[in-house]
Structures are given as C-alpha cells and as structure tokens.
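A look at the structure
In case you want the letters, here they are:
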Amino acid sequence: MTIRRIATIAMTTALTAAALTAGTAFAHGTKDGSGHSPIIPIENEPAPTLIVDPPLPGPLARGAVLIAYRTENFRVVPVLGAAARNVSPRVGHLHVTVDDLPWHWGDFSNTDTIVVVGMPPGPHKLLVELSDPEHHILAAQTVTFTVPDPT
C-alpha cells in the first residue's frame, strides 16, 4: 500500500469521525468532576497532558495500528483559530506523523483512538502532538512499534 493511500485512508477516517462527533463535542455534563463549570474560565488551569498507549497487539498482527490515547485538562474538538485558544478547559486537536514523513494529519475526532491501516511489516514510529487551535504544540509523545510479517 502506498503512502498516499495510507494518507487518504487516515484522512477519511479522521474526517468521518469528526463529522460524527462535531455535534456532541460540548455535550458533556455540567461538571467535569473538578467542582467547576466547564464553561467558565479557570485561573491557573493545569497544563494539558497527553497519554498515548502502545498499539493493540491483535490488529497490529494484521497491519492495522490502533493506538489509544487520552488527554487531561484538554478536549479534542473540531475548532480552529485565535478565539478558541482562550476556551476553558483547553481545546484543540492532534497532529499525527508516521515514520518521520514530511507531512502529518490533524485529528479532530475525540475518539480516543488513532487508526492507521495498511502499514507494511517492519519497525515504525508514530508521533502524536497535542495542538492548540492555532497549531502550537502543547505536548507530544512518540510510540514505536513493529508490524509483524504475516508469513
């Protein structure tokens, strides 16, 4: 599978997920468990955190990379621009780069899983970056893995 095909599949997956979740991006309860309303700005808000797990082994054996992630003090939503930078809790999206390629894709889906299919056998690296609405990187984590040879 070509890099272009992988990019097309990844972008289609991300756009579909974003379209499905766009209407519910802010449909959370009135409190997020921290004792404050999620629509009122918080002074001295803690820094956002990104936690990325290794790929699930079952799908990896078939060349499909499913990587779970979670964020703290940050919500992944389909918004861009300077005005969204001051929303509290913080909002933004992910930048995902495979194998140090010169391009990446933006994930606005908030599905808590990154999916890349058709990876060839061998070692790979996935860089996941937490980005604010103006593409400033707030946190990053790299996951390395090996797709096994199916033979």
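The preceding data block contains the structure.
Here is a short report on the structure shown in this document. These numbers were taken from a predicted model, which means no experiment stands behind them.

In this section: the sheet that holds strand β2 (residues 65–72). Overall, antiparallel pairing links the three strands, which are arranged β1-β2-β6 in an open sheet. Every interior strand has two partners, whereas the edge strands, β1 (49–52) and β6 (113–116), have only one. The sheet shows a mean angle of 25 degrees between the axes of neighbouring strands, direction not considered. In this structure, β1 lies alongside β2, joined through four bridges in antiparallel fashion. When the sheet's bridge partners are listed, leucine 50 is paired in β2 with threonine 71.

Before going further, it helps to examine the pattern of salt bridges. By the definition in use, this model includes two salt bridges. Note that glutamate 72 and arginine 70 form a salt bridge whose closest N and O atoms lie 3.5 Å from each other. Residue classification places arginine 70 among the partly exposed residues on the basis of a relative accessible area of 44%. For aspartate 100, the salt bridge goes to lysine 125, with nearest N and O atoms at 2.8 Å. Of this pair, aspartate 100 sits in the loop between β4 (91–98) and β5 (105–107) while lysine 125 sits in strand β7 (residues 122–131), placing them 25 residues apart in sequence. Looking at lysine 125, the relative accessible area reads 31%, which means it is partly exposed.

What follows deals with the nonpolar core. In terms of nonpolar packing, the biggest core is built from 22 residues, with Leu50, Ile67, Leu94, Ile114, Leu126 and Phe145 touching the most fellow members. Those elements giving two or more residues to this core turn out to be β1, β2, β4, β6, β7 and β8 (137–147). Here this core gets four residues from one element, more than from any other, and that element is β8. Beyond its immediate sequence surroundings of up to four residues, isoleucine 67 is in contact with Val52, Asp53, Pro55, Asp112, Thr113, Ile114, Leu126, Val143 and Phe145.

Counting buried residues along β7, seven of its ten residues qualify, which places the element largely inside the surrounding structure. Here six bridges tie β4 to β7, and the two strands are oriented antiparallel to one another. Each bridged residue has a counterpart across the sheet, and for valine 98 the counterpart in β7 is leucine 126. Bridging between β7 and β8 involves ten bridges; their strand directions are antiparallel. Bridging from a neighbouring strand, glycine 122 pairs with valine 147 of β8.

Another point: the packing of aromatic side chains. For the coordinates displayed, the defined rule picks out one aromatic pair. A ring pair is formed by tryptophan 103 and tryptophan 105, whose centres lie 6.5 Å apart and whose planes are at 35 degrees; its orientation type is tilted. By relative accessible area, tryptophan 105 is classed as buried at 5%.

Within the element layout of this structure, proline 133 appears in the loop between β7 and β8. Separated by 48 residues in sequence, proline 133 and arginine 85 have C-alpha atoms that sit 5.9 Å apart. Filtering out sequence-adjacent residues up to four positions away, proline 133 remains in contact with Val79, Leu80, Gly81, Ala84, Arg85, Val91, Gly92 and His93.

With respect to the helices and strands, the residue alanine 84 is situated in the loop between β3 (75–76) and β4. By relative accessible area, alanine 84 is classed as buried at 10%. Excluding anything up to four places from it in sequence, alanine 84 contacts Val79, Val91 and Pro133.

Rules behind the numbers
Every chain's residues receive numbers from 1 upward, in the order its sequence appears when written. Only residues with pLDDT of 70 or above have their local features reported here, since the model is predicted, and side-chain atom pairs are shown and tallied only from 80 upward, although totals for entire chains, interfaces and linings are computed over all residues. The side-chain numbers reported here are obtained from all heavy atoms of the structure, hydrogens and water having been left aside. The criterion for strand pairing is that DSSP finds at least two bridges linking the strands in question. By definition, any uninterrupted DSSP run of H or I lasting at least four residues is a helix, any uninterrupted run of E lasting at least two residues is a strand, and each is numbered from the N terminus. Whenever a helix is involved, its axis is fitted only over the stretch in contact; in every case the axis is a line through C-alpha atoms, and angles between N-to-C directions fall within 0 to 180 degrees. Should a side-chain nitrogen of Lys or Arg be within 4 Å of a carboxyl oxygen of Asp or Glu, the pair is scored as a salt bridge. We call a residue buried when its accessible area falls under 20% of the maximum for its residue type, exposed when it is over 50%, and partly exposed in between, using a 1.4 Å probe and counting protein chains only. Buried residues of nine kinds, namely Ala, Val, Leu, Ile, Met, Phe, Trp, Tyr and Cys, make up a nonpolar core once their side-chain atoms join them within 4.5 Å. Contacts between residues were defined by any pair of non-hydrogen atoms, one from each residue, lying within 4.5 Å. Aromatic pairing here means that ring centres of Phe, Tyr or Trp (its six-membered ring) are within 6.5 Å. Orientation follows from the plane angle: under 30 degrees is stacked, over 60 is edge-to-face, and everything else is tilted.

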